[in-house]
Number of protein chains: 2
Amino acid sequence: MADKQYRIGEFSKLVGLSTYTLRYYEDQGLIVSQRDENGVRYYTENDIRWVGFILHLKGTGLRLNDLKRYVRLRAEGDRTIPERRDMLQKTKDDAEADIAELQMHLKVLSRKIDWYDGKVDHTIDDSESFHDYLQQFNDK
Amino acid sequence: MADKQYRIGEFSKLVGLSTYTLRYYEDQGLIVSQRDENGVRYYTENDIRWVGFILHLKGTGLRLNDLKRYVRLRAEGDRTIPERRDMLQKTKDDAEADIAELQMHLKVLSRKIDWYDGKVDHTIDDSESFHDYLQQFNDK
DNA sequence: TCTTGACTTAAAGTGTACTCGAAGGTGTTC
DNA sequence: GAACACCTTCGAGTACACTTTAAGTCAAGA
């Protein structure tokens, strides 16, 4: 693994974020870049991994503010590990709840599609399934 | 099932949308309300089902604009059924893709939590899994 | 009678996360 | 020497979906 360095343009293509966004994230403290003797940003493989990781977190629903908090904690060292772990656990739990909810919505959607396909009794109204829906929430 | 009527305040609690939002949705053409002799909105069980249904759609990722389109098509009658069906199918496909992506992110998160718990070799860096991540996208 | 809750229009505000452009500058490459 | 990619600050713009306020009216219930 050569320690290749990337300037912002190339890096932006690698991680799929615009140069605008990269500078914005840096402003926000989510990313740190190194500079060459002219003040030009450069990034390494390590930065690719780091951006990848924060994009995973973001992809599970973390807001930029939460992300900032995570980064701050990380900077504080190992004593914040429990807190970081808990943050991730909560994020995970939330995301799993989101998936469950999404799947519930999908079930209704599927039934509706079947209805359109005539696989279901057409006398049932457009919005037949709301009661099932409420049921699902009742035991939360 | 009595044909109970609900005014906006009660209805808002039933469906979990603020009165502001209900009026807003009505402005946008997503909901229709009836009025009593004083011009006061009232809603019925049927409206509960309808709002439930659009919230399902919304929950799977449909934007208000898409929702509006669906409602417009619905108002045009049965000849738009194929188009509505396809809309729902696409929504369903998109949502399923979202779930798949979310689950991928979750996998990384879980691994990271394990790492915090010491279940994984601690010499591996914070952001170890970005390469796996990129792999997942490569065959899309 | 007073409070509560409803009504109207129209405009402004909120939060999130970018996204872009202006204006002026530096260094590298063809 | 021109083109290009980068740098800076800073403010404005965009999209989405509400959310709130203002200012005034109306009607039923305690």
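Conventions and cut-offs
- Residues numbered from 1 in each chain as written.
- Chains lettered and ligands numbered in written order.
- Predicted model: local features only at pLDDT ≥ 70, side-chain atom pairs only at ≥ 80, totals over all residues.
- Heavy atoms only, no water.
- Helix = DSSP H or I, 4+ residues; strand = E, 2+ residues; numbered from the N terminus.
- Buried < 20%, exposed > 50% of the residue type's maximum accessible area, 1.4 Å probe, protein only.
- Contact = heavy atoms within 4.5 Å.
- Areas by Shrake-Rupley, 256 points an atom, 1.4 Å probe, with all protein chains shown as cover.
- Polar contact = N/O pair within 3.5 Å; in protein donor to acceptor, adjacent residues only side chain to side chain.
- Near = heavy atom within 4 Å.
- Nonpolar A, V, L, I, M, F, W, Y, C, P; charged D, E, K, R; others polar.
- Arc of directions from axis to C-beta.

S.K.: Any chance you could explain the overall build of chain A here in plain terms?
M.R.: Each helix and strand in chain A was counted, giving six helices and two strands. Counting from the amino terminus, chain A carries its helices and strands in the arrangement α-α-β-β-α-α-α-α. When each of the 140 residues of chain A is scored for burial, the buried share is 44%. Counting contacts in chain A only where the partners sit at least 6 residues apart, residues at least 24 apart contribute 44% of the total. A total accessible area of about 8000 Å² is found for chain A, and carbon and sulfur atoms account for 46% of it.

S.K.: Got a minute to help me understand the side chain of Ser33 of chain B in this structure?
M.R.: Residues and elements named next belong to chain B. You can see Ser33 is positioned in the loop between helix 2 (19-27) and strand 1 (34-35). You can call Ser33 buried: its relative accessible area is 12%. A polar contact is formed between the side chain of Ser33 and the side chain of Glu26, at a distance of 2.9 Å.

S.K.: Can you help me understand the protein's contact with DNA strand D in this one?
M.R.: Near DNA strand D you find 17 residues, and of these Gly9, Arg23 and Arg41 of chain A together with Tyr20 and Tyr25 of chain B are the closest. For DNA strand D, the backbone portion of the atoms within 4 Å of the protein, that is sugar and phosphate, comes to 88%. With respect to DNA strand D, the backbone of Gly9 of chain A contributes an N or O atom lying 2.7 Å from a phosphate oxygen. Between DNA strand D and Arg35 of chain A, the relevant distance is 3.0 Å, taken from a phosphate oxygen to a side-chain nitrogen or oxygen of the residue. Among the secondary structure elements, those contributing two or more residues to the surface near DNA strand D are helix 1 (8-15) of chain A together with helix 2 of chain B. The element best represented in the surface near DNA strand D is helix 2 of chain B, accounting for four residues. For the surface near DNA strand D, the class distribution of residues is six nonpolar, five polar and six charged.

S.K.: So what exactly am I meant to see when it comes to the protein's contact with DNA strand C here?
M.R.: As a matter of local geometry, DNA strand C sits amid 16 residues, with Tyr25 of chain A together with Gly9, Arg23, Arg35 and Arg41 of chain B nearest to it. Counting only the atoms of DNA strand C that lie within 4 Å of the protein, the sugar and phosphate share comes to 91%. One nitrogen or oxygen atom from the side chain of Asn38 of chain A is found 3.4 Å from a sugar or linking oxygen belonging to DNA strand C. Take Arg41 of chain B: an N or O atom from its side chain is 2.7 Å from a phosphate oxygen of DNA strand C. Mapped onto the surface near DNA strand C, the elements with two or more residues apiece are helix 2 (19-27) of chain A together with helix 1 (8-15) of chain B. Among the elements that line the surface near DNA strand C, the one with the most residues is helix 2 of chain A, at four residues. Of the residues that constitute the surface near DNA strand C, the class distribution is six nonpolar, four polar and six charged.

S.K.: Explain helix 1 of chain A to me, please; I cannot follow it from the model alone.
M.R.: Residues and elements named next belong to chain A. Every buried residue of helix 1 is accounted for by Ile8, Phe11, Ser12 and Val15. Projected onto a plane normal to the axis of helix 1, the buried residues spread over an arc of 105° and lie on a single side. Gly16, located one to two residues past helix 1, shows a positive phi value of around 80°.

Spatial relationships are all this shows, so hold off on functional conclusions.
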